[in-house]
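# Structural description and commentary
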Amino acid sequence: MGARRTDEFRADAVRIALASGLTRKQVASDLGVGLSTLNKWVTAHRDTEVVPDKDLGLARKNERLRRENRILKEARDILNLRGSGNDPGDHFPDEGHSLLREQKAMRFRFIEEHCRDVPTSRLCRVMNVSERVLRDYRSRPASRGQRTDMVLLAHIKEQSRLTLGSYGRPRMTEELKELGLNVGHRHVGRLMRENGIRVERSKKYKVMTDSNHAFNIAPNLLNRDFSADQPNQKWAGDISYVSTREGWLYLAVILDLHSRCVIDWAVSNRMKRDLAIRALKMAIALRQPPKGCIHHTDRGSQYCSHDYQKILRQHEFQVSLSCM
């Protein structure tokens, strides 16, 4: 490289270092020169030429704008963690921004959830809390209310998992009350909202038979012979469902295959094992079936459960289950 070209390159490097707003290290890396060499060029240039105040002011303004832009981008990326997950449907664009309006406990929880992926100092800056306050929060024992919330949240998550996310606030509250937990709609709604537990909209078709269980399987005694010479010779049970404006209603029925009439039935807004048991008990009380009556159903867990099979054994039914 000739002497003139070297001087031009040096002058360009000094101008970039002084006016671009980038750090000396970034400029040196971009131009492929050593940091100490660049510093010497800048020092020599300042000794021989004074940079106009206008250029220095512009450089400082550019640097300030770049710094603010980095901070805003960092905050946006961190807040978007609130609505991101493995499932693309888990993204809620406004959720991260609403988090800044929540109480400090919610922001602390967000920091704890993401501190492994993002430095704590950055999370604290975006969440507008100090690291000292965060340390105090971590060392402080959980209050009575927080311990209660943790217990309720564990039950809520379990019920949401068992029902495939079909329970909203009202039905979740009813379920928790059945478990003996004294809780109100607002309390349940707050915990579900804060922890991102939402209702999964049901499709028009629902799989009713859960045959993936560890219960004993009986043989198929009917073998597709659904005819009967007399009443109470062959019974059949089944569970159906009806979609309403308030959700799904589940219907369990017991049929007498002689007349093809419904002996008795039970209905509920929740798919529970006791639904089939209630229908069976009412049918037995009404008909008093003789010993050896065939009771035929599918291989669903409601019918193969220990409680259901125990009732059948007590009344000496012949158990028949359909093939897969």
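Residues numbered from 1 in each chain as written. Predicted model: local features only at pLDDT ≥ 70, side-chain atom pairs only at ≥ 80, totals over all residues. Heavy atoms only, no water.

### A closer look at unusual backbone geometry
We note that arginine 224 has phi near 70°; this positive angle belongs to a residue other than glycine. Along the chain, the position of arginine 224 falls in the loop between α11 (185-194) and β1 (234-244). The phi torsion at arginine 260 lies on the positive side, around 60°, for a residue other than glycine. (Helix = DSSP H or I, 4+ residues; strand = E, 2+ residues; numbered from the N terminus.)

### Here we look at the pattern of salt bridges
All told, the structure shown has six salt bridges when counted by the stated rule. Aspartate 12 serves as the salt-bridge partner of arginine 15, at 2.5 Å between the closest nitrogen and oxygen. Pair noted here: arginine 15 and aspartate 12 are both in helix α1 (residues 3-19), with a separation of three residues, about one helical turn. For the salt bridge of arginine 190 with aspartate 149, the shortest nitrogen-to-oxygen distance reads 3.1 Å. Within this pair, whereas arginine 190 is found in helix α11, its partner aspartate 149 is found in helix α9 (residues 144-162), the two being separated by 41 residues in sequence. Look at arginine 190 and you get partly exposed, because its relative accessible area is 28%. We classify aspartate 149 as buried; its relative accessible area is 19%. (Salt bridge = Lys/Arg side-chain N within 4 Å of Asp/Glu carboxyl O. Buried < 20%, exposed > 50% of the residue type's maximum accessible area, 1.4 Å probe, protein only.)

### Some words on the side chain of lysine 234
If you trace the backbone, lysine 234 turns up in strand β1. Within the local environment of lysine 234, its side chain forms a polar contact with the backbone oxygen of serine 227, the two atoms lying 2.7 Å apart. Leave out the neighbours within four places in its chain, and lysine 234 touches Leu222, Asp225, Ser227, Ala228, Leu255, Asp256, Leu257, Cys293 and Ile294. (Polar contact = N/O pair within 3.5 Å; in protein donor to acceptor, adjacent residues only side chain to side chain. Contact = heavy atoms within 4.5 Å.)

### Quick word on helix α14 (residues 306-314)
Burial in α14 covers these residues: Tyr308, Gln309, Ile311 and Leu312. Across the axial projection of α14, the buried residues extend over an arc of 155°, all falling on one side. For α14, exposure combined with an orientation more than 90 degrees from the buried face picks out His306, Asp307, Arg313 and Gln314. Glutamate 316, located one to two residues past α14, shows a positive phi value of around 60°. (Arc of directions from axis to C-beta.)

### Overview of the pairing of strand β4 (residues 294-297)
Residues in a regular strand point their side chains to alternate faces of the sheet. Because side chains alternate across β4, one face comprises the buried residues Ile294 and His296, and the other comprises His295 and Thr297, equally buried. Sheet analysis places β1 next to β4, joined by three bridges and oriented parallel. Across the sheet, residue alanine 236 finds its bridge partner in β4, namely histidine 296. Of the strand pairs in this sheet, β4 and strand β5 (residues 318-321) are connected by four bridges, and their pairing is parallel. By the bridge assignment, histidine 295 is partnered in β5 with valine 319. (Pairing = 2+ DSSP bridges.)

### Here we look at the nonpolar core
Formed by 25 residues in total, the largest nonpolar core has its most connected members in Trp235, Ile254, Leu280, Ile284, Tyr308, Leu312 and Phe317. Looking at this core, the elements that each hand over two or more residues are β1, β2 (247-256), β3 (261-268), α12 (273-287), α13 (301-304), α14 and β5. Examining the composition of this core, we find that seven residues originate from one element, α12, more than from any other. Discounting residues that sit within four places of it in the chain, isoleucine 254 has contacts with Trp235, Ala236, Gly237, Cys261, Val262, Ile263, Asp264, Ala279, Leu280, Ala283, His295 and Tyr308. Membership of the second largest hydrophobic core comes to 12 residues, among which are Leu153, Ile156, Tyr167 and Met172. (Core = buried A, V, L, I, M, F, W, Y, C linked by side-chain atoms within 4.5 Å.)

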